[in-house]
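# Structural overview for review
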Amino acid sequence: MSAQAQAPAPSASASEAAVAQVPVMELIGITLRFGGVTAIKDISFDIREGEVRAIIGPNGAGKSSMLNVISGFYHPQEGEIRYRGELRASMKPYEIARLGVARTFQNIALFKGMSTLDNIMTGRLTHMRSGLFAQAIWKGAAEREEIAQRERAERIIDFLEIQSIRKAPVGSLSYGMQKRVELGRALVSEPSLLLLDEPMAGMNVEEKEDMSRFILDVNEEFGTTIALIEHDMGVVMDISDRVVVMDYGAKIGDGTPDEVRNDQAVIDAYLGVAHD
Amino acid sequence: MMIVPQWNVSDRTSIPARDDQRPRRTPALTSITTVPPELGTFPRVVQRNATRFAERPAYREKAFGIWQSWTWTQAHEQIRALAAGLLDLGLMPGDAVAIIGRNRPPFYWTVVAAQYCGAIPVPVYQDANADEAAYVMEHCGARFAVVDDQEQVDKLLEIAERTPQLEHILYLDARGLRTYDHRRLHELASVQRCGRERLAELGAELERRSAAASGTDAAVVLYTSGTTGRPKGVVLSHDNVLVTAMNSCAFDALDERESILAYLPMAWVGDFVFSMAQATWAGFCVNCPENAGTMHADLREIGATYFFAPPRFFEGLLTSIRIRMEDASAARRWLFDGALRRARTTGPALLEGRPVGWTDRLLHRIDHALILAPLLNATGLSSVRVGYTAGEAIGPEIFDFYRALGINLKQLYGQTEACVFLTQQPDGQVHPDTVGVPCTGVEIRIDADGEVHYRSPGAFREYYKNPEATAGTRDSEGWVATGDAGFFDSGNGHLRIIDRAKDVGTLANGHLFAPKFVENKLKFYPDILEAVVFGRDRAFCTAFVNIDLSAVGNWAERNNIAYASYQELAAHPKVCASIGEHIEQVNRSVAEDERLFDCQIRRFLVLHKELDPDDGEITRTGKVRRRIVEDKYGTLIEALHDGSTTLDVETEVTYEDGRRGTIRAVLALHDVATVEVAQVASDTARQRSGAGTRGEPA
């Protein structure tokens with residue numbers, strides 16, 4: 001956990017200052033059903049500008065569904081979502097992406113045969129303006145645009161320290177590295193809200209430390225608001241500002257890591273006392 | 001970055017044009033012992049370069065996927081701006097400036113900028129842990145530290161209590177540092193900006209300090225890695241370094257057209273001499289890789305013409321080529337083996353200008369075009385005009401391989417206290433088992449007990465704040481002890497280093513014993529990772545062998561040998577038999593040596609665990625700690641010498657997370673292998689008794 005131990009004081013104070021601001025997203029009374037199954041039951045919480053917001057809970061608690069609601073992929077049957085104060089209508093995923101929301105996936109969703117660089121460049125597609133024909137000719141504006149996009153991609157490659165795999169096909173990389181490339185693809189679209197679905201799943205301790213460091217750096221350097229789902233409690237408690245705890249589709253806790261850690265309902269859910 | 005990057009999508013255009021390969025003048029080997037006073041210090045040489053090599057590239061660094069470059073004029077401007085900025089922060093003459101980071105142009109500028117102000121640069125190993133860094137920072141008393149990024153800043157803040165004299169920390173990469181307390185922290189670029197603004201007022205003071213500097217002033221303090229005890233700070237003066245640079249550049253005719261990749265730690269004397277001293281003196285370009293992981297790709301792009309690497313690098317490269325060839329189709333392997341077999345005789349002959357028949361020449365041309373040139377290109381060494389290796393003995397077969405490919409790879413011998421260069425191999429006189437002739441201006445003397453001593457204009461000024469150690473190493477006549485045992489080869493007059501002087505001894509029968517000589521021969525085999533030879537004051541030599549799990553594992557897979565663990569594979573009779581065969585071959589080769597013929601191995605065992613730095617058995621840099629191994633495995637050594645065939649052992653091991661455990665094993669002192677080895681030993685003994693009369697004129 002050295003990644004967090006090295007500079008706890010400065011990062012905490014920075015985020016506290018940022019947290020006091022307005023919510024980026026408010027979720028009010030969200031209920032999501034799949035047929036007869038209620039995945040999310042009347043949940044309300046908000047994500048504030050510049051914070052690292054974690055959603056935790058046991059398996060099947062509805063965390064990924066919640067993230068899909070936030071990203072606009074699922075449309076809840078009840079409740080409303082306010083994005084920067086305005087009621088958000090039901091949207092297509094690319095419309096959400098244009099609003100400045102980017103995400104990574106629990107099971108890596110990269111183009112395995114393409115290089116790291118090309119994968120990250122795809123994250124810039126929403127910012128490309130030149131048409132198919134102009135790109136095929138690749139002169140003038142299209143060329144300049146490509147150069148500008150490549151520069152952004154290279155800055156992200158530098159940020160994530162993945163220069164050595166720039167040209168490597170993503171399929172040949174280790175799991176931890178692929179996760180990092182996926183984070184790069186999300187970052188390069190310059191999101192204002194970044195959604196991470198289990199960014200540390202399947203990683204070893206060292207990879208987790210690296211990833212934690214990158215998440216904190218993204219938050220600090222780019223001022224990106226981050227919402228993440230994670231199983232590793234140590235990581236969650238170390239890097240998040242506020243935590244929502246879910247169990248069986250319902251919200252059972254919400255607050256700073258310390259508040260949540262001492263919450264009886266949360267302890268019960270995790271230790272299994274309340275069930276059976 | 002100080003220069004606005006020129007973005008270009010195509011990578012091909014980002015590769016700098018290679019320098020022309022005009023024929024070069026023959027080296028002038030006259031001994032020069034002083035530098036002209038107008039060039040007596042680094043800042044003055046850089047100043048000369050700024051006018052003489054003005055628009056030629058001085059530094060390149062790959063950043064954001066593109067090579068960014070600075071000409072000598074630009075580099076000089078950067079250095080002066082930084083020097084003025086440091087002056088503005090209150091850098092005083094005689095202050096130490098610690099430099100902690102990977103090879104990057106601003107760090108090389110910091111070296112010269114500090115010297116401009118009359119201060120002493122002290123590069124520190126970037127991967128040193130907090131305690132090691134604290135020791136060096138404490139000992140040199142640095143008031144200033146120039147570091148890479150947050151990692152290094154955190155390290156310095158962690159040890160702040162032990163280094164109260166540290167006032168200012170300058171960093172290159174601002175990432176993650178925005179919220180830190182900036183009273184003592186400065187971004188290097190902003191210090192430079194400040195210096196640039198105030199250059200008009202501070203320029204006079206800079207010139208005054210630069211003019212006051214003399215060649216005998218300390219140019220740098222380099223801390224030796226310290227395999228025994230605490231590191232010592234070696235003070236090298238401008239004279240030491242510049243005279244060495246001047247002589248060594250002349251020796252290999254290095255000029256401003258060379259290109260070098262700076263990838264070895266800045267705190268190591270080699271990097272200081274190659275990337276700082278020689279580069280500045282000759283005016284050639286220093287290229288800094290993008291990060292540690294891209295070194296190989298960057299080497300290929302840059303096409304270095306002057307290249308240094310430790311033997312480990314060349315061994316690793318050859319192993320990766322071999323493994324890839326093993327997976328190639330039979331036809332390709334046949335082509336590769338054939339080309340290489342022919343190249344092994346023709347390649348070195350062509351390099352050394354010996355006569356070669358026209359059929360061999362023609363075949364070599366064809367081999368070169370079809371196989372050798374593409375292979376060279378893949379290694380990134382195709383432009384290398386002068387290549388050196390040093391630090392450890394290199395297996396002659398490895399050495400020959402690269403020379404067969406046409407790379408002018410040579411060996412040199414040196415140490416921090418001598419600014420590296422003590423002996424080096426001249427072009428055309430390369431013998432794999434020697435380290436060459438004394439460098440220009442260096443006198444070498446062999447003591448009665450075989451230890452190598454030298455006197456040289458490059459010999460260090462002193463150990464920093466440690467006069468006792470200085471006096472213990474250098475005598476009143478200026479002879480410096482190297483701690484290595486060696487002798488001049490009677491045939492060609494080149495120096496041969498046998499081992500560390502303290503490890504060299506005699507067998508019970510009085511014959512010379514030098515373990516490393518045999519160990520290096522053993523370690524050449526890909527399936528032997530490490531070998532430790534014992535025999536001092538004993539009747540015969542024995543060895544511990546560590547197998548290389550990847551190479552032997554690969555072999556086991558091909559031969560359908562199942563194994564569950566390192567221990568099981570190491571104990572497999574077939575593995576032991578194969579190791580026995582290797583030892584047999586090594587013994588034949590050892591028998592041919594006129595002095596060390598009795599160092600043949602009669603008995604051996606394959607250790608049940610790898611020697612590990614966590615157990616203190618080898619150093620972090622991979623050198624065997626002989627005393628510790630001897631203490632820990634004393635019973636095994638006794639068993640090898642008393643003739644037992646099996647032995648129960650229980651060894652304590654330390655896991656990577658610090659927990660301790662024990663490994664139990666029944667070690668066979670391999671009957672099969674022992675018998676084979678014994679036969680071979682007696683075979684070779686017979687051979688030797690025939691050869692001995694021929695090989696022992698002395």
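Report follows, based on the coordinates. Keep in mind the model is a prediction, meaning the values are calculated, not measured.

Rules behind the numbers
Residues numbered from 1 in each chain as written. Chains lettered and ligands numbered in written order. Predicted model: local features only at pLDDT ≥ 70, side-chain atom pairs only at ≥ 80, totals over all residues. Heavy atoms only, no water. Helix = DSSP H or I, 4+ residues; strand = E, 2+ residues; numbered from the N terminus. Rg over C-alpha atoms; globule rule 2.2 N^0.38 Å. Buried < 20%, exposed > 50% of the residue type's maximum accessible area, 1.4 Å probe, protein only. Contact = heavy atoms within 4.5 Å. Areas by Shrake-Rupley, 256 points an atom, 1.4 Å probe, with all protein chains shown as cover. Lys, Arg positive; Asp, Glu negative; His and termini not counted. Charge placed at Lys NZ, Arg CZ, Asp CG, Glu CD. Pairing = 2+ DSSP bridges. Expected span 1.5 Å × (residues − 1). Buried area = accessible area lost by both parts, 1.4 Å probe. Salt bridge = Lys/Arg side-chain N within 4 Å of Asp/Glu carboxyl O. Polar contact = N/O pair within 3.5 Å; in protein donor to acceptor, adjacent residues only side chain to side chain. Nonpolar A, V, L, I, M, F, W, Y, C, P; charged D, E, K, R; others polar. Core = buried A, V, L, I, M, F, W, Y, C linked by side-chain atoms within 4.5 Å. Right-handed = clockwise from strand over helix to strand, strands pointing away. Phe/Tyr/Trp six-rings, centres within 6.5 Å; stacked < 30°, edge-to-face > 60°. Lys NZ or Arg CZ within 6 Å of the ring centre and 35° of its normal.

## Observations regarding the overall build of chain A
Check the secondary structure of chain A and you find 12 helices and 10 strands. The C-alpha atoms of chain A give 19 Å as radius of gyration, which agrees with the globular expectation for 276 residues (19 Å, within 12%). C-alpha atoms of chain A, sized along the principal axes, occupy 65 × 45 × 35 Å. Counting every position in chain A, which comprises 276 residues, the buried fraction comes to 51%. Considering only intrachain contacts with a sequence separation of at least 6, the fraction spanning at least 24 residues in chain A is 68%. In the form shown here, chain A has an accessible surface area of approximately 12,400 Å², with 54% of it arising from carbon and sulfur atoms. Counting 29 positive and 40 negative side-chain charges, chain A places the averaged centre of each group 7 Å from the other.

## A word on the pairing of strand β18 (residues 451–455) of chain B
Residues and elements named next belong to chain B. With 4 of 5 residues buried, β18 is to be regarded as a mostly interior element. Here strand β17 (residues 443–446) runs beside β18; their pairing, made up of 4 bridges, is antiparallel. Within β18, the position partnered with isoleucine 444 by the bridge is tyrosine 454. As consecutive antiparallel partners, β17 and β18 are separated by 4 residues, and within that stretch glycine 450 has a phi angle of approximately 90°, a positive value. Alignment of β18 against strand β20 (residues 480–488), held across 3 bridges, turns out to be antiparallel. Along β20, the bridge assignment pairs tyrosine 454 with valine 480.

## Details of helix α8 (residues 238–251) of chain B
Residues and elements named next belong to chain B. Compared with the 20 Å implied by 1.5 Å per residue over 14 residues, the 20 Å span of α8 between its first and last C-alpha is a close match. Extensive coverage of α8 is indicated by the burial of 13 of its 14 residues. Just beyond α8, the residue with positive phi is alanine 253, at close to 50°.

## So, the interface of chain B and chain A
On the side of chain A, 23 residues touch chain B, which itself brings 19 residues to the contact. Counting the surface lost from both chain B and chain A, the interface buries some 2,000 Å², and carbon and sulfur atoms represent 48% of this. In this structure, the connection of chain B to chain A is made through 4 salt bridges. Residues Glu290(B) and Arg166(A) are paired through a salt bridge, measuring 2.4 Å at the closest nitrogen-oxygen approach. Applying the counting criterion to the chain B and chain A interface returns 7 residue pairs in polar contact (both at pLDDT 80 or more). Across the side of chain B that touches chain A, the residue classes tally to 6 nonpolar, 7 polar and 6 charged.

## Considerations on the environment of Asp255(B)
Residue and element names in this part refer to chain B. With respect to the helices, strands and loops of the structure, aspartate 255 is situated in the loop between α8 and β10 (259–261). The spatial distance from the C-alpha of aspartate 255 to the C-alpha of valine 286 is 13 Å, given a sequence separation of 31 residues. Of note is the side chain of aspartate 255, whose polar atom sits 2.5 Å from the side chain of arginine 257.

## Things to note about the nonpolar core
Formed by 125 residues in total, the largest nonpolar core has its most connected members in Phe307(B), Phe314(B), Leu381(B) and Tyr402(B). Broken down by element, the residue count for this core peaks at 9 residues, all from helix α9 (residues 269–282) of chain B. With residues near it in sequence (within four places) discarded, Phe314(B) still touches Phe307(B), Ala309(B), Leu381(B), Tyr388(B), Thr389(B), Ile394(B), Ile398(B), Tyr402(B) and Leu409(B). Ala168(A), Leu173(A), Val218(A) and Met237(A) belong to the second-largest nonpolar core, a separate cluster that totals 43 residues.

## Concerning the pairing of strand β13 (residues 386–389) of chain B
All names here are of chain B. Of the two faces of β13, both are covered, the one formed by Val386 and Tyr388 as well as the one formed by Gly387 and Thr389. The pairing of strand β12 (residues 306–308) with β13 spans 3 bridges and is classified as parallel. Bridge pairing in β13 places tyrosine 306 opposite valine 386. Pairing geometry for β13 and strand β14 (residues 409–413), over 3 bridges, is parallel. For tyrosine 388, the partnering residue across the bridge sits in β14 and is lysine 410. In the classification by handedness, the crossover that spans β13, the intervening helix α14 (residues 396–404) and the parallel β14 is right-handed.

## Describing unusual backbone geometry
With a phi angle near 45°, Asp42(A) is a residue other than glycine that sits in the positive phi range. Counting through the fold element by element, Asp42(A) comes out in strand β2 (residues 37–48). Notably, Cys419(B) is not glycine yet its phi reads approximately 55°, a positive angle. Counting through the fold element by element, Cys419(B) comes out in the loop between β14 and β15 (423–424). In this structure Cys419(B) comes out as buried when scored by relative accessible area, which is 0%.

## Re the packing of aromatic side chains
Per the counting criterion, the structure on display carries 24 aromatic pairs over all chains. When the ring of Phe159(A) is compared with that of Phe214(A), the centres are 6.4 Å apart and the planes differ by 45°; the resulting orientation is tilted. One end of the pair, Phe159(A), is in helix α7 (residues 141–159); the other, Phe214(A), is in helix α9 (residues 205–221), and 55 residues separate them in sequence. When sorted by exposure, Phe159(A) lands in the same class as Phe214(A), which is buried. Where Phe401(B) meets Tyr402(B), the ring centres are 5.1 Å apart and the plane angle is 85°; that geometry is what we call edge-to-face. The pair Phe401(B) / Tyr402(B) is uniform in exposure class, with both members buried. In this structure an aromatic cluster arises from ring pairing among Tyr263(B), Phe307(B), Phe313(B), Phe314(B), Phe401(B) and Tyr402(B). The ring of Trp479(B) carries the charged tip of Arg445(B) above its face, separated from the ring centre by 4.7 Å.

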